[in-house]
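# Residue-level structure breakdown
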Amino acid sequence: MKFQPTSNVVVLALFASAAHALTYVGCFSSSSNLEFNSRSVYQSLGNCQEKCTAANTPVMGLTNGTDCLCGASAPPQGNSVPDSSCDSRCTGFATDICGGEGFFSVYNIPEPRR
């Protein structure tokens, strides 16, 4: 018997579980050093990690619950704000936090294993 996902929930759970190795950098008021990559109603940490890994970038940021940004480095620490500013749940996996309205949850992505 072959396993086939029967719903988006199963696929999203797989995306979310892929995000276990991320390192949280912090919540920022600026997305400098990060560029917009994608917007998705199915956004999650795992989904954004997959997009940024495919773009060969070591840092990812999320904002507004739906938007994924990727870059070579995190925004400057001078733009760091309290974690409470990043209060938007990811639209695709509500246990993940995807920034806030105008604020960015930033993570370092580990190098892929070879």
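Let me begin by describing the structure that accompanies this report. Keep in mind that what you see is a predicted model, and the values were worked out from it rather than measured.

### Re the side chain of T63
Among the structural elements, T63 can be located in strand β3 (residues 59–63). Engagement of the side chain of T63 in a polar contact is seen with the backbone oxygen of G100, the distance being 3.1 Å. A distance of 2.8 Å separates the side chain of T63 from the backbone oxygen of F103, its partner in a polar contact. Beyond its immediate stretch of four places on either side in the chain, T63 contacts L69, C98, G99, G100, G102, F103 and F104.

### Regarding the state of the cysteines
One pass over the structure, following the stated rule, counts four disulfides. Each sulfur of the disulfide joining C27 and C86 lies 2.0 Å from the other. Between C27 and C86 the disulfide shows an S-S torsion of about 90°. By sign, it is right-handed. Here C27, found in strand β1 (residues 23–28), pairs with C86, found in the loop between β5 (80–81) and β6 (104–108); they are 59 residues apart in sequence, far enough to count as distant. For the pair shown, C27 and C86 are each scored as buried. Disulfide pairing is shown between C52 and C70; the S-S distance is 2.0 Å. Note on the C52 and C70 pair: the S-S dihedral is about -85°, so by sign convention the disulfide is left-handed.

Rules used in this analysis
Residues numbered from 1 in each chain as written. Predicted model: local features only at pLDDT ≥ 70, side-chain atom pairs only at ≥ 80, totals over all residues. Heavy atoms only, no water. Helix = DSSP H or I, 4+ residues; strand = E, 2+ residues; numbered from the N terminus. Polar contact = N/O pair within 3.5 Å; in protein donor to acceptor, adjacent residues only side chain to side chain. Contact = heavy atoms within 4.5 Å. Disulfide = S-S within 2.5 Å. Buried < 20%, exposed > 50% of the residue type's maximum accessible area, 1.4 Å probe, protein only.

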